[in-house]
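# Survey of secondary and tertiary structure
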Amino acid sequence: MKDGRIEIDNNRAERSIKPFVIGRKAWLFAVSTRGATSSAIAYSLVETAKENGANPFFYLQFLFEELPQRNLEKNAEFEDLMPWSKTLPKNCYIQSKK
């Protein structure tokens, strides 16, 4: 409440998940806990990429090419792959139309 930089509502987050809420009946493949967990991870990656100005398609393509080359045991190996990382390739970002 004392920090004026924090938004007072979560409308932005609610708008981000609206397509998934509307389409929930169409996603019958998530009939298990593992399926639902996998869906949540995929949706989180896509929406986080969007929120950070990345193109979800090119960002996921970059991840799928890069992840097999990484040591999955070390969490520090992933910091440069996050959507907010300044080291992502230029093609991962949405180009502004000027």
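Residues numbered from 1 in each chain as written. Predicted model: local features only at pLDDT ≥ 70, side-chain atom pairs only at ≥ 80, totals over all residues. Heavy atoms only, no water.

### Concerning the layout of surface pockets
Approximately 190 Å³ is the volume attributed to the largest pocket. Along the walls of the largest pocket sit 13 residues, with Leu-45, Tyr-59, Leu-63, Leu-81 and Met-82 positioned nearest its centre. Of all the elements in the fold, those that place two or more residues in the lining of the largest pocket are helix H2 (33-51) and helix H3 (56-66). Ranked by residues supplied to the lining of the largest pocket, first place goes to H2 with four residues. Looking at the lining of the largest pocket residue by residue, the class counts come to 11 nonpolar, two polar and no charged. (1 Å grid on protein atoms, 1.4 Å probe; cavity = no way out; pocket = protein on both sides within 12 Å on 5 of 7 lines; lining within 4 Å. Points joined across faces, edges and corners; volume = space filled by probe spheres on them. Helix = DSSP H or I, 4+ residues; strand = E, 2+ residues; numbered from the N terminus. Nonpolar A, V, L, I, M, F, W, Y, C, P; charged D, E, K, R; others polar.)

### Side note on the nonpolar core
Ala-49, Ala-54, Tyr-59, Phe-62, Leu-63, Phe-78, Leu-81, Leu-88 and Cys-92 together form the largest nonpolar core, which totals nine residues. Broken down by element, this core gets its largest block of residues, three residues, from H3. Among residues more than four places away in sequence, those in contact with Cys-92 are Ala-54, Asn-55, Phe-58, Tyr-59 and Phe-62. (Core = buried A, V, L, I, M, F, W, Y, C linked by side-chain atoms within 4.5 Å. Buried < 20%, exposed > 50% of the residue type's maximum accessible area, 1.4 Å probe, protein only. Contact = heavy atoms within 4.5 Å.)

### Let's talk about the environment of Glu-51
Turning to its location among the elements, Glu-51 is positioned in helix H2. In this structure Glu-51 comes out as partly exposed when scored by relative accessible area, which is 38%. For the pair Glu-51 and Ala-13, spaced 38 residues apart in sequence, the C-alpha separation works out to 9.6 Å. In this structure Glu-51 touches Arg-12 and Ser-16, once residues within four positions along its chain are discounted.

### Here we look at the packing of H2 against H3
At a minimum axis separation of 9 Å, H2 and H3 run at an interaxial angle of 120 degrees. As far as their axial angle goes, H3 and H2 are oblique. Helix-helix and strand crossings are classified by hand; for H2 and H3 the assignment is right-handed. Across the interface between the two elements, Leu-45, Val-46, Ala-49 and Lys-50 from H2 touch Pro-56, Tyr-59, Leu-60 and Leu-63 from H3. Partitioning the contact of H2 with H3 into residue classes produces seven nonpolar, no polar and one charged. (Axes fitted to C-alpha atoms, helices over the stretch in contact; angles between N-to-C directions. Parallel < 35°, antiparallel > 145°, perpendicular 65-115°, else oblique. Left-handed = near helix turned anticlockwise from the far one by under 90°.)

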